[in-house]
Amino acid sequence: MQRGPTLDRSFFDRPALVVAPELLNKVLVSGDRAARIVEVEAYEGADDPASHAFRGPTARNATMFGRPGHLYVYFTHGLHWCANAVCGPDATPSALLLRAGAPVAGVDQMRVARQQGRSVARHDRDLCRGPARLAQALGIDGQADGADLTQGRGIIRFADDGVDPPDPPGLSPRVGIRLAVERPWRWYVPGDPNVSGPSMNSAGGRSMKSPKADW
DNA sequence: CTGCCGATATACT
DNA sequence: GTATATCGGCAGC
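One structure accompanies this document, and this report is about it. This structure is a prediction, so every number in the text was calculated from the model and none was measured.

A word on the protein's contact with DNA strand C. Lining the immediate surroundings of DNA strand C are 21 residues, of which Asn84, Arg114, Arg133, Gly176 and Arg178 lie closest. The share of sugar and phosphate among atoms of DNA strand C within 4 Å of the protein is 64%. One of the backbone nitrogen or oxygen atoms of Ala132 is found 2.9 Å away from a phosphate oxygen of DNA strand C. Between DNA strand C and the protein, one listed contact pairs a phosphate oxygen with a backbone N or O atom of Gly176 at 3.4 Å. When residues of the surface near DNA strand C are assigned to their parent elements, the largest contribution, 3 residues, is made by helix H4 (residues 131-137). Of the residues assigned to the surface near DNA strand C, the class counts are 9 nonpolar, 7 polar and 5 charged.

Put into structure tokens, the structure is as follows:
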């Protein structure tokens, strides 16, 4: 499986804005499947109107108010699951939405998991590009909410396989929100084709016609 | 590639 | 009733 140590609690027990760029290029392991995280977004608490935690704890967002290093999984739009890594400080809501990854192991299982009814991911690039796709590809759903990511033997964890975070990382506003859109709290790996949404890259010779604004 | 639209759980007014 | 941290299918370019 994946080489390298499992990220421990001290890694996550810091503000999400600090952890975010360091989490890029770490490997999210779920059973026999793994994806290199190439895009994350930070969400805070009472001062972040775009966050689920903005209005205080509920049954759904309880994990966000819990301990750093756990997985917050929520259901959205009536169909999709999305996964977050809870950050610090302890007992204050703070999390990183895992928005996209590059498949690195268990790709066959990912292809199976991503086939629902008639929908089929036609390119491997579509397996983990997007928060709900990433969760589905890795088999993460509501059962994984609250899982401890820092147990080395846990089913879901982050491995550091020695690939450094990008320097500098890409930075932009968060995707798909209406409030606090001006905050540049989305980090990504420049040039990675698995990044969802706007990214200042054309790695692999992809088009990049009318240059989109990028922070 | 871009844009529109529907599916529909959860939280909220 | 409305809004939402999304996605897939389709139309059109």
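Anyway, onward from the coordinates.
Our next topic: the packing of aromatic side chains. Remark: the centre distance and the inter-plane angle together describe each pair of aromatic rings, the angle taken between the planes. Applying the stated criterion across every chain, the model contains 4 aromatic pairs. When the centroid spacing of 5.2 Å and the interplanar angle of 80° are considered together, the rings of Phe11 and Phe12 count as edge-to-face. Just as Phe11 is buried, Phe12 falls in that class too. Three or more aromatic residues link up through ring pairs in this structure, and these residues are Phe11, Phe12 and Phe158. Here the guanidinium or amino end of Arg14 rests over the ring plane of Phe11, the centre of that ring lying 5.1 Å away. A cation sits over an aromatic face here: Arg174 above Tyr43, 4.7 Å from the ring centre.

Glancing now at the layout of surface pockets. Considered as a void within the structure, the largest pocket measures approximately 850 Å³ in volume. Lining of the largest pocket is provided by 37 residues; of these, Tyr74, Thr76, His77, Cys82 and Pro131 occupy positions nearest its centre. Those elements giving two or more residues to the lining of the largest pocket turn out to be strand E2 (33-43), strand E3 (71-76), strand E4 (80-86), strand E5 (95-105) and H4. Tallied by class, residues from the lining of the largest pocket come to 17 nonpolar, 12 polar and 8 charged.

Turning our eyes to something else, we now look at the protein's contact with DNA strand B. Near DNA strand B lie 10 residues; those nearest to it are Arg55, Thr58, Arg60, Phe75 and His77. When the atoms of DNA strand B within 4 Å of the protein are grouped by moiety, sugar and phosphate amount to 70% of the total. In the environment of DNA strand B, a phosphate oxygen lies 3.4 Å from a nitrogen or oxygen atom belonging to the side chain of Thr58. Here a phosphate oxygen of DNA strand B and a backbone polar atom of Arg60 are 3.1 Å apart. Residue classes in the surface near DNA strand B are distributed as 3 nonpolar, 4 polar and 3 charged.

One pass over the full model with this rule turns up 11 salt bridges. A salt bridge links Asp161 to Arg36, with the nearest nitrogen and oxygen atoms 2.8 Å apart. Placement of Asp161 in the loop between strand E6 (156-159) and strand E7 (170-172) and of Arg36 in strand E2 is noted, with a sequence separation of 125 residues between them. Its relative accessible area of 26% is what places Asp161 among the partly exposed residues.

Turning our attention to unusual backbone geometry. A cis amide bond links Gly88 to the next residue, Pro89, at an omega of -5°. Residue Pro168 follows Asp167 across a cis peptide bond; omega there is 0°. Looking at the secondary structure, you find Pro168 in the loop between E6 and E7. For Asn25, which is not glycine, the phi dihedral falls at a positive 75°. Note that Asn25 resides in the loop between helix H2 (16-23) and strand E1 (27-30).

The buried count for E2 comes to 11 of 11 residues, which makes it a mostly enclosed element. By the bridge criterion, 4 bridges tie E1 to E2 in an arrangement that is antiparallel. From the neighbouring strand, Val29 faces E2, where its bridge partner is Ala34. Hairpin geometry of E1 and E2 is characterised by an intervening segment of 2 residues between the two adjacent antiparallel strands and by a positive phi of about 60° at Gly31. Across 9 bridges, E2 lies against E5 in antiparallel orientation. Its bridge partner lying in E5, Arg36 is registered against Ala102. Relative to strand E8 (residues 186-188), E2 runs antiparallel, the two being bridged by 3 bridges. Across the sheet, residue Glu39 finds its bridge partner in E8, namely Tyr188.

Calculation rules
Residues numbered from 1 in each chain as written. Chains lettered and ligands numbered in written order. Predicted model: local features only at pLDDT ≥ 70, side-chain atom pairs only at ≥ 80, totals over all residues. Heavy atoms only, no water. Near = heavy atom within 4 Å. Polar contact = N/O pair within 3.5 Å; in protein donor to acceptor, adjacent residues only side chain to side chain. Helix = DSSP H or I, 4+ residues; strand = E, 2+ residues; numbered from the N terminus. Nonpolar A, V, L, I, M, F, W, Y, C, P; charged D, E, K, R; others polar. Phe/Tyr/Trp six-rings, centres within 6.5 Å; stacked < 30°, edge-to-face > 60°. Buried < 20%, exposed > 50% of the residue type's maximum accessible area, 1.4 Å probe, protein only. Lys NZ or Arg CZ within 6 Å of the ring centre and 35° of its normal. 1 Å grid on protein atoms, 1.4 Å probe; cavity = no way out; pocket = protein on both sides within 12 Å on 5 of 7 lines; lining within 4 Å. Points joined across faces, edges and corners; volume = space filled by probe spheres on them. Salt bridge = Lys/Arg side-chain N within 4 Å of Asp/Glu carboxyl O. Pairing = 2+ DSSP bridges.

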